[in-house]
Amino acid sequence: MEFTKIYICILYLVVIICSLIFYLNNYYIIASLLLFGNVLPGYKLVLTLSDNDEN
Amino acid sequence: MIDQAIYRRFNHTVAACFVIYFLFPESILGFDRVYLVGMFWISILLIEYFRLNGAFTLDGMRDYENTRIAGFVWFATGTCMILVFYEIGIFPEIFAISTIIMASFVDPLIGEVNRKYGNKEGIIAGLMGSFVIYQMIIGVLFYSIVGSIVAVIVERPKFKWLDDDLLIQIFPIMVMTIFYLSGIGPELSLTLEGN
């Protein structure tokens, strides 16, 4: 479980860094797609993680 | 325990970040960047080999994947095939990027809509999602329509030894490339720079 949490944090970082790199290279559409495409599943995952911590 | 279905979906959508490969320099430490693809694919196969042999368990696996090749292996295989064919000069860059992003987002979208609303709604969501992504990246109506229809068609059938994670990448890009190379499809800018 601890490993999975670290892995999820790395995934968040990967999304942010990749979006940033595309943005800095002026590929705004790709950057937005990467960011917004991951927002909903990423947010839902945070919710389930925080629910677990509360329990 | 985390929600396995959501965890699986998130892993799927993060796979869109594979397109960062197209910003890598042609040569890394003196080696052609395509070797990275080979190394990545072999490491995925090794992880799967040890997982299937019970060396460790991974979160987010479906029950039937305990004895079968997991979806992430099929997806990685599809992406690696696209990248290798792109390096060989068969698949245009713009088709490769758009298809990898489309497959990463649309497959979980169809799965989620199927689960919540039903199959018909899943097809509509898949068509709309893939069309919007293709249109945003390629920007040519013909390829957006062809790509989205093929993506949704190949996502439907379920095979025991072949996964839709692979098919949803290979077939749309193959059909679009055939249309382009045969001259049936309209001209377009083949690289990201032109879009």
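Placed above this text is the structure.
Overview of the structure. (Residues numbered from 1 in each chain as written. Chains lettered and ligands numbered in written order. Predicted model: local features only at pLDDT ≥ 70, side-chain atom pairs only at ≥ 80, totals over all residues. Heavy atoms only, no water.)

Let us now look at the overall build of chain A. Per the secondary structure count, chain A includes two helices and zero strands. For chain A, the C-alpha radius of gyration of 13 Å lies well beyond 10 Å, the compact-globule estimate for 55 residues. Principal-axis analysis of the C-alpha atoms places the extent of chain A at approximately 45 × 20 × 10 Å. The proportion of buried residues among the 55 residues of chain A is 33%. As displayed, chain A has an accessible area near 3,600 Å², and 70% of this comes from carbon and sulfur atoms. (Helix = DSSP H or I, 4+ residues; strand = E, 2+ residues; numbered from the N terminus. Rg over C-alpha atoms; globule rule 2.2 N^0.38 Å. Buried < 20%, exposed > 50% of the residue type's maximum accessible area, 1.4 Å probe, protein only. Areas by Shrake-Rupley, 256 points an atom, 1.4 Å probe, with all protein chains shown as cover.)

All right, on to the nonpolar core then. Residues Phe 22 and Ile 30 of chain A together with Val 19, Phe 95, Ile 101 and Ile 138 of chain B are the most contacted members of the largest nonpolar core, which totals 62 residues. Among the secondary structure elements, those contributing two or more residues to this core are helix H1 (2-24) and helix H2 (28-54) of chain A together with helix H1 (4-14), helix H3 (71-88), helix H4 (93-116), helix H5 (119-137), helix H6 (141-155) and helix H7 (164-182) of chain B. The dominant element in this core, judged by the number of residues it contributes, is H4 of chain B, at eleven residues. For Val 19 of chain B, the residues in contact, after removing those within four places along its chain, are Phe 22, Ile 30 and Leu 34 of chain A together with Ile 97, Ile 100 and Ile 101 of chain B. (Core = buried A, V, L, I, M, F, W, Y, C linked by side-chain atoms within 4.5 Å. Contact = heavy atoms within 4.5 Å.)

The relative placement of two aromatic rings is captured by the distance of their centres and the angle of their planes. Residue and element names in this part refer to chain B. Under the defined criterion, the tally for this structure stands at 16 aromatic pairs over all chains. Note on Tyr 49 and Phe 50: the rings are 5.3 Å apart at their centroids and 75° apart in plane angle, and the pair reads as edge-to-face. With 5.3 Å between their ring centres and 85° between their planes, Phe 142 and Tyr 143 make a pair best called edge-to-face. In this structure Phe 142 comes out as partly exposed when scored by relative accessible area, which is 29%. Taken together, the ring pairs in this structure connect Phe 95, Phe 142, Tyr 143, Phe 179 and Tyr 180 into an aromatic cluster. (Phe/Tyr/Trp six-rings, centres within 6.5 Å; stacked < 30°, edge-to-face > 60°.)

For the rest of this paragraph, the subject is unusual backbone geometry. Phi is positive for Asn 26 of chain A, which is not a glycine, with a value near 70°. Inspection of the secondary structure puts Asn 26 of chain A in the loop between H1 and H2. In this structure, Leu 29 of chain B takes a positive phi of about 50° despite not being glycine. Structurally, Leu 29 of chain B is set in the loop between strand S1 (27-28) and strand S2 (31-32). Taking the relative accessible area as the measure of exposure, Leu 29 of chain B reaches 82% and is therefore exposed.

Across the contact, 26 residues belong to chain A and 24 residues belong to chain B. Carbon and sulfur atoms make up 80% of the surface buried where chain A meets chain B, a total of about 2,300 Å² over both sides. Counting the contacts that link chain A with chain B gives zero salt bridges. Our count for the contact surface shared by chain A and chain B stands at four residue pairs in polar contact (both at pLDDT 80 or more). Where the side of chain A that touches chain B is concerned, the elements lending two or more residues are H1 and H2 of chain A. (Buried area = accessible area lost by both parts, 1.4 Å probe. Salt bridge = Lys/Arg side-chain N within 4 Å of Asp/Glu carboxyl O. Polar contact = N/O pair within 3.5 Å; in protein donor to acceptor, adjacent residues only side chain to side chain.)

Moving on, we come to the packing of H3 of chain B against H7 of chain B. Residue and element names in this part refer to chain B. Closest axis-to-axis distance for the H3/H7 pair is 7 Å, and the angle between their directions is 20°. Overall, the two elements H3 and H7 adopt an arrangement that is roughly parallel. Mapping the contact onto sequence places Gly 71, Trp 74, Phe 75, Thr 77, Gly 78, Thr 79, Met 81 and Ile 82 in H3 and Asp 165, Leu 166, Gln 169, Ile 170 and Ile 173 in H7. For the contact of H3 with H7, the class distribution of residues is seven nonpolar, five polar and one charged. (Axes fitted to C-alpha atoms, helices over the stretch in contact; angles between N-to-C directions. Parallel < 35°, antiparallel > 145°, perpendicular 65-115°, else oblique. Nonpolar A, V, L, I, M, F, W, Y, C, P; charged D, E, K, R; others polar.)

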